[in-house]
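Listed here are the chains, written in short residue letters.
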Amino acid sequence: MRAGTPTDQLVAMQDWGDVEQSLDSNGSAVLPGLLSATQCAQLAALYPCDEIYRARIVMARHGFGRGEYKYFAYPLPPLLDELRYTLYPRLAPIANRWNRQLGIDVQYPDDLDAFLSRCHQAGQTRPTPLMLEYGEGDYNCLHQDLYGDHVFPLQVAILLSEPDKDFSGGEFVMTEHASAGQRADVVSLRQGDAVVFTVNQRPTTGKRGGMRKVAMRHGVSRIRSGHRHTVGLIFHDSR
């Protein structure tokens, strides 16, 4: 359990009732203005600092798209560490309710340390928060960030660059696949906005009133010009 941090107020100012409703309806929700332009610039400036990362992934080598990303090593940069610890207890009740609705016998603890301990005991010890960098023509294929048996069903991405100034294109895209068909949504973000979204699957009401699950994937459309940086906060660690 972490003590209160300067990010607590930023997170508390969000309308969490609306966030929960949007997650239930769409599988995603925007947290507007979570970070300032200065904070975004400071985080983006960390991208070349290889010593704070544990791995660099070039997407084209693995069929993930084009562009690259780097996984942070522990300890995380203070702002990202604070955000991860502050956001988790807001999202855990939603995650627990979703599991109950889907009949999944997994409950998430109230604080992140307890959940990470569960991950580490299962061999998932590598940190998963990451920063992504895209240039002209780059994109991210639709995917799910799972990393092991212990998966927290929600994650957060924060846009560090300013659309139509630093880059064009590069929209955040989510798809939903269910027995009734497929649907795609584009989530509009400005610099400093975060999107909370479904990692894998979420509950929804079926045509006959019962609960059913839909599979979700996310990605980024092609960058038409400029450069785009994003931070991703995943709450489960990796094998």
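Bear in mind that the values here come from a model prediction, so they are computed numbers and not experimental data.

**Q** Please clarify how the overall build of the protein should be interpreted in this entry.
**A** For the protein, the helix and strand inventory stands at six helices and 15 strands. A globule of 239 residues ought to have a C-alpha radius of gyration of about 18 Å, and the protein, at 17 Å, matches this closely. Across its three principal directions, the C-alpha atoms of the protein cover 50 × 40 × 35 Å. Taking all 239 residues of the protein together, 50% fall into the buried category. Within the structure as shown, the protein displays about 11,100 Å² of accessible surface, and the carbon and sulfur contribution to it stands at 50%. Here the protein contributes 25 positive and 27 negative side-chain charges, whose respective centroids are spaced 8 Å apart.

**Q** Quick question: what am I supposed to make of the pairing of strand E5 (residues 130–134) here?
**A** On a regular strand, one side chain projects to one face of the sheet and the next to the other, so that they alternate. With four of its five residues buried, E5 lies for the most part within the structure. Across four bridges, the pairing between strand E4 (residues 68–72) and E5 is antiparallel. Among the inter-strand pairings, Glu 68 is bridged to a residue of E5, identified as Glu 133. Here E5 runs beside strand E15 (residues 228–233); their pairing, made up of five bridges, is antiparallel. Bridging from a neighbouring strand, Leu 132 pairs with Thr 230 of E15.

**Q** Explain the packing of helix H2 (residues 16–26) against helix H5 (residues 78–102) here, please?
**A** Helix packing geometry: the angle between the two helix axes and the distance between the axes. Between H2 and H5, whose axes approach to 12 Å, the crossing angle comes to 40°. By the angle between their directions, the pair H2 and H5 is classed as oblique. Here the hand of the crossing between H2 and H5 comes out right-handed. Two secondary-structure elements touch here, H2 through Trp 16, Glu 20, Leu 23 and Asp 24 and H5 through Leu 87, Arg 90, Leu 91, Ile 94, Arg 97 and Trp 98. Broken down by class, the residue content of the contact of H2 with H5 amounts to six nonpolar, no polar and four charged.

**Q** I keep staring at the packing of H5 against helix H6 (residues 112–121) and nothing clicks. Help me out?
**A** Two elements in contact, H5 and H6, have axes whose closest approach is 9 Å; the angle formed by their N-to-C orientations is 95°. Compared by their axis directions, H5 and H6 come out roughly perpendicular. On H6, the residues touching Arg 84, Tyr 85 and Tyr 88 of H5 are Leu 112, Asp 113, Phe 115 and Leu 116. Per-class residue counts for the contact of H5 with H6 are five nonpolar, no polar and two charged.

**Q** Honestly, the nonpolar core in this entry has me stumped. Any pointers?
**A** Looking at soluble globular proteins, one finds that nonpolar side chains tend to be buried together. Judged by nonpolar contacts, the single largest core of 42 residues is most densely connected at Leu 83, Leu 87, Leu 91, Phe 152, Val 156, Ile 158 and Leu 160. Sorting the residues of this core by element identifies H2, strand E1 (28–31), helix H3 (37–44), H5, H6, strand E7 (154–159), strand E11 (194–198) and E15 as the ones contributing at least two each. For this core, the leading source of residues is H5, giving eleven residues. Leaving out residues up to four positions away in the same chain, Phe 152 has contacts with Tyr 88, Leu 91, Ala 92, Ala 95, Tyr 108, Phe 115, Val 199, Phe 235 and His 236. One finds Leu 159, Met 174, Val 187 and Val 220 within the second-largest nonpolar core, a separate group that totals 22 residues.

**Q** Please explain unusual backbone geometry as it appears in this structure.
**A** Only a minority of non-glycine residues have a phi that is not negative, and only a minority of peptide bonds are not trans. The omega torsion of the bond from Tyr 74 to Pro 75 falls at -5°, within 30 degrees of zero and hence cis. Mapping Pro 75 onto the fold places it in the loop between E4 and H5. Positive phi values are uncommon outside glycine, yet Tyr 147 reaches one of about 75°. You will see that Asp 164, though not glycine, has its phi angle at about 70°, which is positive. Structurally, Asp 164 is set in the loop between E7 and strand E8 (167–169). Of the residues examined, Asp 164 reaches a relative accessible area of 67% and is grouped as exposed.

**Q** Help me understand H2, please; the structure alone is not making it clear to me.
**A** Since there are 3.6 residues in each turn of an α-helix, residues three or four apart along the chain are aligned in direction. Taken residue by residue, H2 has Trp 16, Val 19 and Leu 23 as its buried positions. Down the axis of H2, the smallest arc covering the buried residues is 50°, so these residues share one side. Tucked inside the fold, the buried residues of H2 contact helix H1 (7–12), E1, H5, E7, E11 and strand E12 (201–205). The N-cap residue of H2 is Asp 15: its side-chain oxygen and the backbone nitrogen of Gly 17 are 3.3 Å apart. One or two residues past the end of H2 sits Gly 27, with phi positive at roughly 80°.

The rules behind these values
Residues numbered from 1 in each chain as written. Predicted model: local features only at pLDDT ≥ 70, side-chain atom pairs only at ≥ 80, totals over all residues. Heavy atoms only, no water. Helix = DSSP H or I, 4+ residues; strand = E, 2+ residues; numbered from the N terminus. Rg over C-alpha atoms; globule rule 2.2 N^0.38 Å. Buried < 20%, exposed > 50% of the residue type's maximum accessible area, 1.4 Å probe, protein only. Areas by Shrake-Rupley, 256 points an atom, 1.4 Å probe, with all protein chains shown as cover. Lys, Arg positive; Asp, Glu negative; His and termini not counted. Charge placed at Lys NZ, Arg CZ, Asp CG, Glu CD. Pairing = 2+ DSSP bridges. Axes fitted to C-alpha atoms, helices over the stretch in contact; angles between N-to-C directions. Parallel < 35°, antiparallel > 145°, perpendicular 65-115°, else oblique. Left-handed = near helix turned anticlockwise from the far one by under 90°. Contact = heavy atoms within 4.5 Å. Nonpolar A, V, L, I, M, F, W, Y, C, P; charged D, E, K, R; others polar. Core = buried A, V, L, I, M, F, W, Y, C linked by side-chain atoms within 4.5 Å. Arc of directions from axis to C-beta. Polar contact = N/O pair within 3.5 Å; in protein donor to acceptor, adjacent residues only side chain to side chain.

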